[in-house]
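# Working through the structure, step by step
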Amino acid sequence: AEQLVASGHAYPCFCTPQRLAEVRKLQQQRREPPRYDGLCRRLDPAEAAQRRANGESAVIRFKTPREGETVSVDLLRGEIRVENASLDDYILLKSDGLPVYHLAAMVDDHLMDITHVLRGSEWLPTFPLHVLIYQALGWEQPIWVHLSVFLNPSGKGKLSKRHAQGKDKGAGGVYVTDLQAQGYLPEAINNWTALMGWSLDDHTEFFPMSDLIESFSLERLNPSPAAVNFSKLDHFNGLHIRGLPLEALVARIKPYFEAAKLELPIGEDLLLRIAPLIQERIRTLDEAVEMAGFFFSSTVDPDPNELVGKKMTPAESAQAVRRAVQAIEAVESFSSAALEQGLRELAEELDLTAGQLFGILRAAITGQRVSPPLMESMEILGRSLVLERLRQADQALQKVAAAE
RNA sequence: GCCCCCAUCGUCUAGUGGACCAGGACGUGGCCCUCUCAAGGCCAAAACCGGGGUUCGAAUCCCCGUGGGGGCACCA
């Protein structure tokens, strides 16, 4: 700042905040743009220096040229020309001796040999000032890149905490920690955000981080603002979940099962068998618990109405359950293939569709109306647990039948 | 109010003068597959903000509107 004062590019200003406020107020009344009126700019430099030496409180302002225009070059937008007359004499150094961003960032970047400055487009209005500072100091400018801001999903206003609600999830959020809690993968979030304002070509959308690092280029950045689309985040999350090796998926979903405080211990061996069943069925990691939580409960508690098969009575459903128990007891190797064969034969024998019978069994065994594939789930659960749950379903159904 | 930026389907985008009666993705609707739900496959609806130019020719270049966004602190 002192260097700029010495070279005539800046000057001390003794105006009080109160006077500044009054000037501003007057300008607003006259519908003029609020700007410093230049009182101290006209001071004799020697006199100003003396007042400072006497300990008078002052800030240092940039002496913005009154004439001409400043040409700033943004990599994405090209030349941005601004009339210097529309610029203010910005404060560079506060009266407490601390520099404001405008000065600090320029000096810092230069001293650290920064070659590319990538920042939000909210800096565009003060971009000419920054260029002027570089020029006044006689420094070579970095390459400037102003990234467009993200807009709220509605496209109204920039993304805010309040409006950044995940449509599909209800909770949403702009903090990565929020997104993480909701089961979003860091790589999916990166992929999603990378594609807002940037694209590689016409068809590539799925980017693992390594590909992103390899393919990203400043030149293909887009200067227009982008409204965030949370359903697209869901899509990318599903893509990245499906791209995960099983072991990695297990490691990712385990914390969500643990957080759910389920009845049975969360064993990795068990999760490893469950993972392939749910991998293509979940969009967020926390959904793994909704989908497969029943594996970690000793009993399930289905709604008795869900146990009744389509177009069937409770008594008929109970009968089907009992026959299924027999069929399952009769299966020699407790495998999904053997179970499926036995149960399909049973359905045919009972004159039921596979959908009818499996629907009843699904509710009885998983306690859910939506679940991973039934046969595979049964195989993982084991024969005794499956039979136990079916017997409980039988009893529940008999109660319903008796009540009718 | 003043200054700056931006402008292709609802959303993210491809498109840098002719290859575009505009392509992809998400979402939406339909069909197929199917034990539920997904995943997957196929199909459909859906856009060049408006007006002037420049040009043989404009989504692409220029101007003016309009719309949207951002900024106008001794914040960053």
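Scope of this entry: the structure provided in the associated data block. (Residues numbered from 1 in each chain as written. Chains lettered and ligands numbered in written order. Predicted model: local features only at pLDDT ≥ 70, side-chain atom pairs only at ≥ 80, totals over all residues. Heavy atoms only, no water.)

To continue, consider the pattern of salt bridges. According to the stated counting rule, one finds 19 salt bridges in the structure shown. Between Arg 369 and Glu 306 there is a salt bridge, with the nearest N and O atoms lying 3.4 Å from each other. Taken together, the residues span a long stretch of sequence, with Arg 369 in the loop between α15 (354-366) and α16 (374-381) and Glu 306 in the loop between α12 (287-292) and α13 (314-330) at a distance of 63 residues. Across the pair Glu 340 and Arg 344 runs a salt bridge, and its minimum N-O distance is 2.9 Å. Of the two residues, Glu 340 and Arg 344 are both situated in helix α14 (residues 336-349); the distance of 4 residues between them amounts to about one turn of the helix. Judged by relative accessible area, Glu 340 falls into the partly exposed class, the value being 31%. A single salt-bridge network, built from bridges that share partners, covers Arg 41, Arg 66 and Asp 89. (Salt bridge = Lys/Arg side-chain N within 4 Å of Asp/Glu carboxyl O. Helix = DSSP H or I, 4+ residues; strand = E, 2+ residues; numbered from the N terminus. Buried < 20%, exposed > 50% of the residue type's maximum accessible area, 1.4 Å probe, protein only.)

If you trace the 3 strands from one edge of the open sheet to the other, you get β1-β2-β5, paired in antiparallel fashion. One side of each edge strand has no neighbouring strand; the edge strands of this open sheet are β1 (10-13) and β5 (91-93). Strand-to-strand, the axes of this sheet are offset by a mean angle of 45°, without reference to chain direction. Of the strand pairs in this sheet, β1 and strand β2 (residues 59-62) are connected by 4 bridges, and their pairing is antiparallel. For Cys 13, the partnering residue across the bridge sits in β2 and is Val 59. (Pairing = 2+ DSSP bridges. Axes fitted to C-alpha atoms, helices over the stretch in contact; angles between N-to-C directions.)

Following the sequence through the fold, Gln 368 ends up in the loop between α15 and α16. On the basis of relative accessibility, which here comes to 18%, the residue Gln 368 falls in the buried class. A polar contact of 3.3 Å, which involves the side chain of Gln 368, links it to the backbone oxygen of Met 291. In terms of polar contacts, Gln 368 uses its side chain to reach the backbone carbonyl oxygen of Val 370, at 2.7 Å. Apart from the residues within four sequence positions on either side, Gln 368 is in contact with Glu 290, Met 291, Phe 294, Arg 362 and Ala 363. (Polar contact = N/O pair within 3.5 Å; in protein donor to acceptor, adjacent residues only side chain to side chain. Contact = heavy atoms within 4.5 Å.)

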